[in-house]
Amino acid sequence: MCWFTKLPPVLTFELSRFEFNQSLGQPEKIHNKLEFPRIIYMDRYMYRSKELIRSKRECIRKLKEKIEVLQQRLERYVKYGSGPARFPLPDMLKYVIEFASTKPASESPTQSAASSTLPLSSGHCPVSSPTSKDSASEEGCPQDVESPFPEECLHESKAQDTPLPSSRSPVEMPVHPAPRTVTDEEISFVKTCLQRWRSEIEQDIQDLKNCIASTTQTIEQMYCDPLLRQVPYRLHAVLVHEGQANAGHYWAYIYNQPRQVWLKYNDISVTESSWEELERDSYGGLRNVSAYCLMYINDKLPHFNAEAAPNESDQMLEELEALSVELKHYIQEDNWRFEQEVEEWEEEQSCKIPQMESSTNSTSQDFSTSPEPSAASAHGVRCLSSEHAVIAKEQTAQAIANTAHAYEKSGVEAALSEQKEPAPQKALPPETDLAEQSEQPPKAPDAERAAPPHSAVSEVEIPSVGRILVRSDADGYDEEVMLSPAMQGVILAIAKARQTFDRDGSEAGLIKAFHEEYSRLYQLAKEVPASHSDPRLQHVLVYFFQNEAPKRVVERTLLEQFADKNLSYDERSISIMKVARAKLKEIGPDDMNMEEYKKWHEDYSLFRKVSVYLLTGLELYQKGKYQEALSYLVYAYQSNATLLTKGPRRGVEESVIALYRRKCLLELNAKAASLFETNDDHSVTEGINVMNELIIPCIHLIINNDISKDDLDAIEIMRKHWCSYLGQDIAENLQLCLGEFLPRLLDPSAEIIVLKEPPTIRPNSPYDLCSRFAAVMESIQGVSPVAVN
């Protein structure tokens, strides 16, 4: 064996994941499971530890031999017997005890008395019972021992004792096997012996198992010696491959030491990941995804520690200064080009934000009329796109700040549904404390009448609530939010708490209203919904109740509803809103796990997105737009499957999505086949594109998940339809096209296929989404075609 005297800072392990199949004449990927640790200690492979390691290996060898001997002993107990079928010895003794203790159910008293008082003549010879015989054989006595009674005696006994008990008819036989004749003394003696033997054997088995376990643990801890933990190497990167030997997709997991997180590098996408996801994608053994390369770094080198991260920039500058003038000039020019590309990319991204288009255009015109000399001198002649990118950066930062402010004030739901930039309004200073706001006395009615025209009070009709007086100032009424079922419930709860508010104050009014709304939503979650309705779409708390969310998550979510700025429609609601905001401010990190809180709201947001995608797909299907419908249904199914792994009520009904996904697949397959049969170049190309871009990727996703029998039957129908062309006399160009995509249809797992994501749809308001869901569900149940705005 070779020993290392010195190790490099980085160790790269290439895993053998491919082999050549001699019979098929092609390479194949090895999908066997291989686990690897986060930290490996290389001391056991160092030359300085050679003698210690050799002694430990010798000790391990002896311990393994000991385990083999113990296993053989244990096998004799758990697989007892001399025939082909062997059973655990304690179970066999248990069954004998049960047999000896069983009494015949239909034994008459006369028969019992006759059998017990029957005298034995001098010609009769006693015969040992089967139990005694079995016991003797188990004690190791020879089976061929000569009987102490003469054979003639046995024959004479058989001739005189007529009729034998075995001559009973099957009707008279006992239901359970039992001894025909047995005394209490015999039962007591047999049970005592068998129970004692069984206890002794069980104790022997347990001792053997304990000895094997302790020896195994000793082997596992053999290299846990502190002397053998001086050279740690920490896992730094894992390269992953998905697919087969001839094709596939690659990505990497790299550990970010300063941030202490795993990052997933997948093409141009870089996202935070977790050790659990890395294990699932890297160990192999499940699907066709596994790691093929591991990189470990010396954990004791200073430049790999998080404490040294702030000095990396200084080290980089020192290395840059050591370069030649020509190389430094090249690097500076390349960095400048990269900055230009980043700015142009940010400009393209900013143009995709609808709510910023108008402000971007106006600001960019003002900026172009009076360019700043400092910007021009920094990069020479600076293009207009980079100037737009600077503006886009500022507006993006402002949009993020607005979204964060909306989240703090109204929760995740309001932040996610934020679509357009609000009108200019007087914002509260960032340093204003909500608790201080709650202590301010409410404004008098005279002050309200003396307010500017934009703070005027108007009467508004709200469904399920009635007419209310609403202040239409900047921090007040928002029609879309006020018409939502969640806000209607809060308004009703505040109305029910009117007497408590007038008698005991705003805090008591908030508690009363809070309990009213909490009880209403809890009852709504417990009701059995109709087939065309889903109460989870009405309110986030219904979703939380049905999925047993933590109580603190539920209470904070409801409290945020009472802290919504749209409750500024009268003095009572304003006072309750301020108290709710003050209570939210009092909730500290120790009182609430915000990561858990955000995760629950993200799941609900994904649930609403799945519902919208499902409804959109069903509407498009009814209009005959199968291509668009399939894209939405596939993404709805994939996202919904993620939710259903956490609980059956986390997502929508899976069978509905799967049913219409199959229908779209069959319709599109028939359309593609009809286009293929026309032999027109344009039509054939269109049909092949439908197969390559939609049907084959969708089949790939279906096969990689838990495929149902209906999905499998639909896939077989499509495959048989295209395979039927092989036996037909078709044009040469059609044969060529068929030969290109048919192997992908028959085995879509041989390559990585990415399905295009459908256009993003903004989730409807809860009120519109509920009515839309009802209309679509009634429509697919055969009422009438649906038409939803």
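Look a little higher up for the structure.
To keep things clear, this report deals only with the structure shown in the data block. The residue numbering used here restarts from 1 in each chain and proceeds along that chain's sequence as written. Two thresholds apply to this predicted model, a pLDDT of at least 70 for residue-level local features and 80 or more for giving and counting side-chain atom pairs, whereas whole-chain, interface and lining totals are computed over all residues. Side-chain calculation: all heavy atoms of the structure are included, whereas hydrogens and water are not.

**Focus on the overall build of the protein chain**
Which entries qualify depends on this criterion: Each helix is a run of H or I in the DSSP string that is no shorter than four residues. Each strand is a run of E no shorter than two, and both are numbered from the N terminus. Accessibility here uses a 1.4 Å probe with only protein chains present; expressed as a share of the type maximum, an area under 20% marks a residue as buried, one over 50% as exposed, and anything in between as partly exposed. The criterion used for residue contact is that any of the two residues' heavy atoms lie within 4.5 Å. All accessible-area figures derive from a Shrake-Rupley calculation using a 1.4 Å probe, and residue coverage is judged against the displayed protein chains alone.
Scanning the protein chain for helices and strands turns up 28 helices and 11 strands. Among the 789 residues that make up the protein chain, the fraction classed as buried is 35%. Pairs at least 24 residues apart make up 69% of the contacts formed inside the protein chain by residues separated by at least 6 positions. As displayed, the protein chain offers around 47,600 Å² of accessible surface, 54% of which is attributable to carbon and sulfur atoms.

**Details of helix 23 (residues 626-644)**
Inclusion rule: Expected helix span is computed as 1.5 Å times (number of residues minus one).
Between the first and last C-alpha of helix 23 there are 26 Å, a value that for 19 residues agrees with the 27 Å anticipated at 1.5 Å per step. Within the span of helix 23, buried status applies to A629, L630, S631, Y632, L633, V634, A636, Y637, S639, N640 and L643. Among the structural elements, helix 19 (540-546), helix 22 (594-622), helix 24 (654-677) and helix 25 (681-704) are those in contact with the buried residues of helix 23.

**Concerning the pairing of strand 7 (residues 261-266)**
The line we're drawing: Being paired, for any two strands, means DSSP has found at least two bridges between them.
Direction of pairing for strand 6 (residues 248-256) relative to strand 7: antiparallel, over a ladder of five bridges. Of the residues in strand 7, the one forming a bridge with Y253 is K264. In this structure, the hairpin formed by strand 6 and strand 7 is closed by a connection of four residues, where Q260 is found at a positive phi of approximately 60°. In this structure, strand 7 lies alongside strand 8 (residues 269-273), joined through five bridges in antiparallel fashion.

**Points about the nonpolar core**
Applied cut-off: Note on terminology: a nonpolar core comprises buried Ala, Val, Leu, Ile, Met, Phe, Trp, Tyr and Cys residues joined through side-chain atoms within 4.5 Å.
F544, F562 and W722 are the most contacted members of the largest nonpolar core, which has 91 residues in total. Looking at this core element by element, the count peaks at 12 residues for helix 22. The residues touching F544, leaving out its near neighbours within four places in the chain, are A549, V553, V554, T557, W600, H601 and Y604.

**Examining helix 24**
For helix 24, which comprises 24 residues, the first-to-last C-alpha distance of 35 Å matches the rise-based estimate of 34 Å (1.5 Å per residue) to within 8%. Of the residues one or two after helix 24, N679 is the one with positive phi, at around 65°.

**Digging into the pattern of salt bridges**
Rules: We count a salt bridge whenever a side-chain nitrogen from Lys or Arg sits within 4 Å of a carboxyl oxygen from Asp or Glu.
In this structure the tally under the stated criterion is 24 salt bridges. Note that R196 and E200 form a salt bridge whose closest N and O atoms lie 3.8 Å from each other. Remark: E200 and R196 occur in helix 6 (residues 184-220); sequence separation between them is four residues, near one turn of the helix. With a closest N to O distance of 3.3 Å, K264 and E277 form a salt bridge. Of the two residues, K264 sits in strand 7 while E277 sits in helix 7 (residues 275-282), which places them 13 residues apart along the sequence.

**Quick notes on a nonpolar patch on the surface**
Applicable threshold: Patches in this entry comprise residues that are over 30% relatively accessible and not in a salt bridge; like charges within 9 Å are linked, as are nonpolar side chains (Val, Leu, Ile, Met, Phe, Trp, Tyr) within 5 Å.
Taken together, I703, I707 and L712 make up a surface patch of nonpolar side chains, about 210 Å² in accessible area. Summarising the element assignment, I703 is placed in helix 25. Assessed through its relative accessible area of 34%, I703 is described here as partly exposed.

**Here's the deal with the environment of R581**
Filter applied, for reference: N or O atoms within 3.5 Å of each other form a polar contact, as long as, within protein, one can give a hydrogen and the other can take it, and as long as residues adjacent in sequence are counted only when both atoms are side-chain atoms.
With respect to the helices, strands and loops of the structure, R581 is situated in helix 21 (residues 571-586). Through-space distance from the C-alpha of R581 to that of Q561 is 9.9 Å; in sequence the pair is 20 residues apart. Polar side-chain contacts of R581 include one of 3.2 Å to the backbone oxygen of A563.

**Some words on the packing of aromatic side chains**
Filter applied, for reference: What counts as a ring pair is set by centres within 6.5 Å for rings of Phe, Tyr and Trp (its six-membered ring), and what kind of pair is set by the plane angle: stacked under 30 degrees, edge-to-face over 60, tilted for all other angles. Any Lys NZ or Arg CZ that is within 6 Å of a ring centre and within 35 degrees of that ring's normal is treated as a charge sitting over the ring.
Applying the stated criterion across every chain, the model contains 20 aromatic pairs. Measuring from centroid to centroid gives 5.6 Å for Y250 and Y292, while their planes differ by 80°, and the two rings are edge-to-face. One end of the pair, Y250, is in strand 6; the other, Y292, is in strand 9 (residues 289-298), and 42 residues separate them in sequence. Y250 gets classed as partly exposed once you look at its relative accessible area, which sits at 46%. Take Y292: its relative accessible area is 26%, and that puts it in the partly exposed class. With a centroid separation of 5.3 Å and an interplanar angle of 70°, the aromatic rings of F676 and W722 are classed as edge-to-face. Taken together, the residues span a long stretch of sequence, with F676 in helix 24 and W722 in helix 26 (residues 709-723) at a distance of 46 residues. You'll find F676 and W722 in the same group, each marked buried. An aromatic cluster of at least three residues, connected via ring pairs, comprises F514, Y518, Y522, F545 and F562. Just above the ring of W251 sits the side chain of K264; from NZ or CZ to the centre is 5.2 Å.

**Looking at the packing of helix 25 against helix 26**
Operational definition: Only the stretch in contact is used when a helix axis is fitted, and all axes are lines through C-alpha atoms; the angle between N-to-C directions ranges over 0 to 180 degrees. Here the word oblique covers every angle except those under 35 degrees (roughly parallel), over 145 (roughly antiparallel) and from 65 to 115 (roughly perpendicular). Two helices cross in a left-handed way if the nearer one is turned anticlockwise from the farther one by less than a right angle. They cross in a right-handed way if the turn is clockwise. All amino acids are sorted into three groups, where Ala, Val, Leu, Ile, Met, Phe, Trp, Tyr, Cys and Pro are nonpolar, Asp, Glu, Lys and Arg are charged, and the leftover types, Gly among them, are polar.
The geometry of helix 25 relative to helix 26 is characterised by a closest axis approach of 11 Å and an angle of 140° between their N-to-C directions. The pairing of helix 25 with helix 26 is recorded here as oblique in orientation. Helix 25 and helix 26 meet at a crossing whose hand is left-handed. Mapping the contact onto sequence places M691, I695, I699, I702 and I703 in helix 25 and D711, I715, M718, R719 and W722 in helix 26. A breakdown of the residues in the contact of helix 25 with helix 26 according to their chemical character gives eight nonpolar, no polar and two charged.

**Details of a negative patch on the surface**
Applied cut-off: This count recognises Lys and Arg as positive and Asp and Glu as negative, with His and chain-terminal groups excluded. Lysine's charge is taken at NZ, arginine's at CZ, aspartate's at CG and glutamate's at CD.
There is a patch of like negative charges on the surface, built from D334, E341, E344 and E348. With respect to the element layout, E348 can be found in helix 9 (residues 325-351).

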